[in-house]
Amino acid sequence: MWMRPGFAGINSFELNTGSINVYPVPISGKATVSLKLASPDYVKIDLLTPTGKSLLTIYRGKVVDVKNIDFNVETLPAGLYLLRAKGNNTSMIKKMLIR
């Protein structure tokens with residue numbers, strides 16, 4: 001945002017395009033998250049409850065093109081969860097079912 005006497009404005013902001021996927025579906029034991037971005041970004045991928053409460057951070061770091069992250073879900077109860085990838089120019093959410 002910028003301001004001058006008599007004027008105010010917001011600089012343009014472009015959201016990073018890409019995709020976030022998780023497999024296998026449904027998940028039991030071990031899962032793989034695949035994050036693909038159109039442009040490099042530093043991101044944090046969190047596992048959330050359906051109400052948005054953060055349970056754990058799966059990854060934190062730079063993604064240049066595609067990043068695959070394996071993680072264990074054996075200790076989590078069966079149910080619906082959300083994966084959130086958030087960065088400087090990235091914001092994505094994906095549903096995930098654990099059985």
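Quick summary incoming for the structure in this document. (Residues numbered from 1 in each chain as written. Predicted model: local features only at pLDDT ≥ 70, side-chain atom pairs only at ≥ 80, totals over all residues. Heavy atoms only, no water.)

**Concerning the environment of aspartate 65**
Here is step 1 of the chain: Here aspartate 65 shows up in the loop between β6 (54–63) and β7 (66–72).
Here is step 2 of the chain: Separated by 26 residues in the primary sequence, aspartate 65 and serine 39 place their C-alpha atoms 6.9 Å from one another.
Here is step 3 of the chain: Non-local contacts of aspartate 65, meaning those with residues more than four positions away in its chain, are made with Leu35, Lys36 and Leu37. (Helix = DSSP H or I, 4+ residues; strand = E, 2+ residues; numbered from the N terminus. Contact = heavy atoms within 4.5 Å.)

**Some remarks on the pattern of salt bridges**
Here is step 1 of the chain: Summed over all chains, the structure comprises 2 salt bridges.
Here is step 2 of the chain: Across the pair lysine 44 and aspartate 46 runs a salt bridge whose closest N-O atoms are separated by 3.8 Å.
Here is step 3 of the chain: In this structure lysine 44 comes out as partly exposed when scored by relative accessible area, which is 31%.
Here is step 4 of the chain: Here aspartate 46 falls in the buried class, since its relative accessible area comes to 2%.
Here is step 5 of the chain: Of the charged contacts in the structure, one is a salt bridge between aspartate 46 and arginine 84, with a shortest N-O distance of 3.2 Å. Separated by 38 residues along the polypeptide, aspartate 46 in strand β5 (residues 41–48) and arginine 84 in strand β8 (residues 79–87) bring together distant segments of the chain.
Here is step 6 of the chain: Exposure remark for arginine 84: the relative accessible area of 26% places this residue in the partly exposed category.
Here is step 7 of the chain: A network of salt bridges, in which partner residues are shared, links Lys44, Asp46 and Arg84. (Salt bridge = Lys/Arg side-chain N within 4 Å of Asp/Glu carboxyl O. Buried < 20%, exposed > 50% of the residue type's maximum accessible area, 1.4 Å probe, protein only.)

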